[in-house]
Structures are given as structure tokens and as C-alpha cells.
Amino acid sequence: MRKLYVREPDDAAQGRGAALTGGALVLALLAGLGWLAAGRADPPPGDVAAVSRSARQADGAASAASAPGTVMVPVVLPASSATTLPPGLIEVCAVGVMPQAAWNRPARREAFDAASGVARQGTVTALKASADPLTRGLALAMESSHGGEVAANTAPRDALARLALTSGSPEVYGLAWRVCSTEGAEDTTSACRMLSAEQWARLDPDNAVAWASVYQQASLRRDRAAMTDAQFRMSIARAVDGRAGRLPGIAIAHVPPGTGALETEAVVGEVARFDAMGLADATKECMSPTARDANRLQLCESMAQVLWQHGRKPADLSTAIQIGEAVGWPAERLQPLRDEAAALSFFSAETLRETSLSCADVRRRISHFDDAGRLGEVAWARRAIAAAGKPLAHWAAAAAAQQRALVRAEASASAVPAIP
């Protein structure tokens, strides 16, 4: 397992801590939710108990109070709180300013891994005590996979599959399908065998992500009729949602009180990785120059419109543009879409440059996992750009300038003769 954070809790002089320089950034990238948010009152330094309390909901009311799309939080582009430090120094939440070399000591890495493991287990224990099926399902999913590694104990995975069968929740079913697809697909004795993409689609009939899973399974069977039907259902969908957006907020609400901000970020970043369902298999036919009959063109164009209007991730917008190009959308229609997609990507990349481990910035990233999960990454970025006070054209122009600079740099590098 890749180690992203470091800590040495028994170092009283330095306090408690959380990550290697830039480690929080890497974690956000792995989670696919690397865009930063702000606008929340700060709890005491290094303690996210206030964040947890603000997010926590009484059992039994969690589903109603946190239904997808019902919580709209104000989003403000954060200015870096990091103070310019002399070379070799780093500011770390709940530690203060210290030599970077000291912070990167292997002993700190090992100690933080242990501390974050304690935070993780405490979160799982709290999640399992809930009466809410999705909350308990998240605990089982975390027990099934730790940091991308499949757990040796398959009982939690099978328990999650059985919970999906009885809960009637598309969120729980989608989570179980995601876990089983990666960790139980080859296990012939697993309860995962009782799940099907078709049942997920029946529970969530207007969701393109569920139908993309139906398409994928049909393609494995080479069932062309089922593949076409799944694509049609995607073309009339009203959501493009892996139904994992509430999970980061649920995790935040169940992190043990007193857990440090950096340890919390590690736990919540892991949970965010469950939102990783893709649409590539179901959309790639629409990007092919073959099968250009009128029915196929209409279906693909409708699919592109669904992805642009309802997509939650930048990848959804990119796919919509690629399909639009393939089906012949005119330049005057495509260019504004390209500009917006480029602006969103540039904006997210710029905010991802933030590597500060200060308490304020770490808490902002924790809040972002929740906010972008609820809103969707695309909606979050659009709101953040609006709050930044500059028009979309500004960010699109900056993205274009950066792209030109990259092209020039690549051309210069290729022109340098190789040293034999």
C-alpha cells in the first residue's frame, strides 16, 4: 500500500501531525476529488470534531436530511493560508513550522500510518453502529478494501452484497456493485454473485451510470440487443451519478471526536475513492466513425446531451464533447463547451497546486470532499469559478495559454539531441 502521510504522535515537542509535503494533494488526486472548497468556520487547530458535529445527523433521519442534491452549500475559492517560509521549512497542522527533513523521517511516516489506522477503525466502528443502511454499507465497504487493497477477510464484502439485496436503496446497491465488481467478480462462492447490474438499473432507472454497468455486462455476453437498450436508457437518463456522493459527508460525521484534521483527511480521502464508476465502455461506440446510421447518430447525440447537462465529473463533460465532435456538432456549438470544460479543468488544476498542510487548508480540503460529493465536481467548480469573481473566459484563456506553453516546452525538449 502506498504511504501518503506521516506522523510521530509521541514527539511532544512537535505535536501531532498528518502528511508528507504534498501528500494531501496526492490523496486528493487518487480520490478524483481534488478541488478545494472554503466558507466554513474553523474549529480549533488540528481538531475536526466541530466539522464532524456539524455534519452528523441523527440515525434514521440521515437519508431524508441528506438526500442527493438537497444540500447546496456556498462555495468560495480559497486563498492559500500558507505563509512564505524559508527553504527547508514546512508548516504542519497542529505541529507548526518545522524542518521538512525532520517531518519526512521514516519514523514519522510509520507513526502516522498507525495513527490514521486508529482513526480509520474508529470511523468504521461508528459507521457500523448506525441504523442507516448506507452508513452501515460504507463500513462494510471500508472493511472490504483498505486503501485499494482487497481485504483477506471476505465476510464484510459478502455482508455488503446481502445488505444491498434487502435495503432497496440504489445507493447501497451501487456501492455493493462497485465493491463486488472489483473484489468479488472471480469468487464463485461470494454473495456478490447474487447482484446484477440489471437490478441496480431497476432500482435507479433514470441513472446513466447504472445503465452503463448494464451495457458492460451485456457486452461481456455479446448481447447486442441488451447493449443497445442500455445505451438508449442512457440517452434519456436524468442523472449521471455513481450514487457515492454522500459517502464523504457520512464518513466525516462518524470520525471519532478529537481526531486530527490530517488523519481525518486520510480517512475521508479513502472513502471518496468509492465514487469511481465510469462510462467509457458504453460511450466509446459513439466516438467511432463506424455505424453512422441515423438512429445511431440520434442516440449518440442524446447521450452527449445527457452527459453535458447532468454530468458530475469533468470526464463526463469531456466525453460529451468527444461524442459531439463525432456526431458532427458545428464548431459554434462545440467551442463554448470546449472553453467551459478547459476552464473547469484549469481551475481545478490550479487549486490542486495547494500543498499546504496548515490546519485551515487541510480543513478546507476535508470540507471539499463533502461539498463536491453532494454537488458533483462539475457543479462545485462552476460555483467556485463564479465566486472567484472572474468570468469563465478568463479561466478558459488561462487554460489555452498554459496549453500553448506545454506544447512549446514539449517541442523544445524533442529538439534537444539525445546524449549517446
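Only a predicted model underlies this, so the values are computations on that prediction, with no experimental measurement involved.

## Digging into the environment of D281
- Note that D281 resides in helix α14 (residues 280–283).
- Considering only alpha carbons, one finds D281 and S213, 68 residues apart in sequence, at a separation of 8.9 Å.
- Here D281 is in contact with Y215 and Q216, once residues within four sequence places are set aside.

## Here's the deal with the pattern of salt bridges
- Summed over all chains, the structure comprises 20 salt bridges.
- With a shortest N-O distance of 2.7 Å, R120 and E270 are connected by a salt bridge. Taken together, the positions of R120 in helix α5 (residues 106–128) and E270 in helix α13 (residues 261–272) put the pair 150 residues apart, joining distant regions of the chain. In terms of burial, R120 and E270 fall into one category: buried.

## Overview of the nonpolar core
- Formed by 98 residues in total, the largest nonpolar core has its most connected members in L138, M142, L175, L195, M234, L247 and F274.
- In terms of residues, this core owes the most to one element, helix α10 (residues 208–221), which gives eight residues.
- Contacts of M234, omitting those with residues within four sequence positions, involve A208, W211, A212, L279, A282, T283, M303 and V306.

## Concerning helix α8 (residues 170–183)
- Counted at 1.5 Å a residue, the expected span for α8 with its 14 residues is 20 Å, and the 19 Å between its end C-alpha atoms agrees.
- Counting buried residues in α8 gives eleven out of 14 residues, a clear majority hidden from the surface.
- For α8, the set of buried residues is E171, V172, Y173, G174, L175, A176, W177, R178, V179, C180 and E183.
- You can read the cap of α8 off the contacts: a side-chain oxygen lies 3.2 Å from the backbone nitrogen of E171, and it is on S169.

## Description of the state of the cysteines
- Tallied over the full model, the rule gives three disulfides.
- Put simply, C93 and C359 are joined by a disulfide, and their sulfur atoms are 2.1 Å apart. What sets the handedness of the C93 and C359 disulfide is the S-S torsion sign, and at about 95° it is right-handed. Here C359 lies in helix α18 (residues 359–375) and C93 lies in the loop between β1 (89–92) and β2 (96–99), a separation of 266 residues in the sequence. Like C93, the residue C359 is buried in the burial classification.
- Sulfur-sulfur distance for the disulfide between C180 and C192 comes to 1.9 Å. Of note, the bridge from C180 to C192 carries an S-S torsion of about -65° and is left-handed in sense.

## Some details on the pairing of β1
- Burial of the side chains of β1 is restricted to one face: I90 and V92 are buried, whereas none of L89 and E91 on the reverse face is.
- Counting the residues between successive antiparallel strands, the hairpin from β1 to β2 contains three residues, one of them, A94, with a positive phi of roughly 70°.

## Regarding the packing of α13 against α18
- Two numbers describe how α13 lies on α18: the axes approach to 9 Å, and their chain directions differ by 25°. On the basis of the axis angle, α13 is roughly parallel to α18. The two elements α13 and α18 meet at a crossing, and its hand is left-handed. Residues A261, L262, T264, E265, V268, G269 and A272 of α13 form the contact with α18, whose participating residues are V362, R363, R365, I366 and F369.
- Residue composition of the contact of α13 with α18, by class: seven nonpolar, two polar and three charged.

## Thoughts on the packing of aromatic side chains
- Enumeration according to the criterion identifies two aromatic pairs in this entry.
- Residues F346 and W395 carry aromatic rings whose centres are separated by 6.3 Å and whose planes lie at 45° to one another, so their mutual orientation is tilted. On the criterion of sequence distance, the pair formed by F346 in helix α17 (residues 331–352) and W395 in helix α20 (residues 392–415) is long-range, its members being 49 residues apart.
- The exposure class of W395 is buried, given its relative accessible area of 11%.
- Summarising the aromatic geometry, the rings of F347 and W395 are spaced 5.0 Å apart at their centres and angled 85° between planes, so their arrangement reads as edge-to-face. Here F347, found in helix α17, pairs with W395, found in helix α20; they are 48 residues apart in sequence, far enough to count as distant.
- Members of the aromatic cluster, joined through ring pairs, are F346, F347 and W395.
- Between the NZ or CZ atom of R333 and the centre of the ring of W329, over which it lies, the distance is 3.7 Å.
- When the ring centre of W308 is taken as reference, the NZ or CZ atom of R382 above it lies at 5.8 Å.

## Quick word on the packing of helix α15 (residues 294–310) against helix α16 (residues 314–327)
- Contact geometry for α15 and α16: axes closest at 8 Å, N-to-C directions at 155°. In this view, α15 runs roughly antiparallel relative to α16, as classed from their interaxial angle. For the pair α15 and α16, the crossing hand works out as left-handed. Along the contact surface, α15 presents L297, C300, E301, A304, L307 and W308, while α16 presents D316, L317, T319, A320, I321, I323, G324 and V327.

## Quick notes on helix α7 (residues 155–167)
- With 13 residues, α7 should reach 18 Å at 1.5 Å per residue; the first-to-last C-alpha distance of 18 Å fits that figure.
- Taken together, the buried positions of α7 are P156, R157, D158, L160, A161, L163 and A164.
- In this structure, the buried side of α7 is in contact with α6 (133–144) and α8.
- Looking one or two residues past α7, G168 carries a phi angle of roughly 70°, positive in sign.

## Looking at the pairing of β2
- Bridging between β1 and β2 involves four bridges; their strand directions are antiparallel. Within β2, the residue paired with E91 across the bridge is V97.

Conventions we followed
- Residues take numbers from 1 onward in each chain, read along the sequence in its written order.
- Totals for whole chains, interfaces and linings use every residue, but because this is a predicted model, local features are given only for residues with pLDDT of at least 70 and side-chain atom pairs only at 80 or more, for both listing and counting.
- To get the side-chain values, take all heavy atoms of the structure and skip hydrogens and water.
- Labels follow the DSSP assignment, with helices taken as runs of H or I lasting at least four residues and strands as runs of E lasting at least two, numbered in each case from the N terminus.
- The contact rule is simple, with two residues in contact once any of their heavy atoms fall within 4.5 Å.
- Salt bridge criterion: a side-chain nitrogen from Lys or Arg within 4 Å of a carboxyl oxygen from Asp or Glu.
- For each residue, the accessible area found with a 1.4 Å probe, counting protein chains only, is set against the maximum for its type, and the residue is called buried under 20%, exposed over 50%, and partly exposed in between.
- To define a nonpolar core, start from buried Ala, Val, Leu, Ile, Met, Phe, Trp, Tyr and Cys residues and group those joined through side-chain atoms within 4.5 Å.
- Here the expected span of a helix is defined as 1.5 Å times the quantity of residues minus one.
- Two N or O atoms form a polar contact when they lie within 3.5 Å of each other; inside protein one atom must be a possible hydrogen donor and the other a possible acceptor, and for residues adjacent in sequence the pair counts only when both atoms belong to side chains.
- Any two cysteine sulfur atoms lying within 2.5 Å of each other are counted as a disulfide.
- Paired strands are those between which DSSP finds at least two bridges.
- All axes are obtained by fitting lines to C-alpha atoms, using only the stretch in contact for helices, and the reported angles, taken between N-to-C directions, cover 0 to 180 degrees.
- Here the angle decides the label: under 35 degrees means roughly parallel, over 145 means roughly antiparallel, 65 to 115 means roughly perpendicular, and every other value means oblique.
- In this scheme the crossing of two helices becomes right-handed for a clockwise turn of the near helix relative to the far one and left-handed for an anticlockwise turn of less than a right angle.
- Put simply, Ala, Val, Leu, Ile, Met, Phe, Trp, Tyr, Cys and Pro go in the nonpolar bin, Asp, Glu, Lys and Arg in the charged bin, and everything else, Gly too, in the polar bin.
- Pairing of aromatic side chains here covers Phe, Tyr and the six-membered ring of Trp, requires ring centres within 6.5 Å, and sorts the geometry by plane angle: under 30 degrees stacked, over 60 edge-to-face, intermediate tilted.
- As a reminder, the over-ring test applies to NZ of lysine and CZ of arginine, requiring each to be within 6 Å of the ring centre and within 35 degrees of the ring normal.

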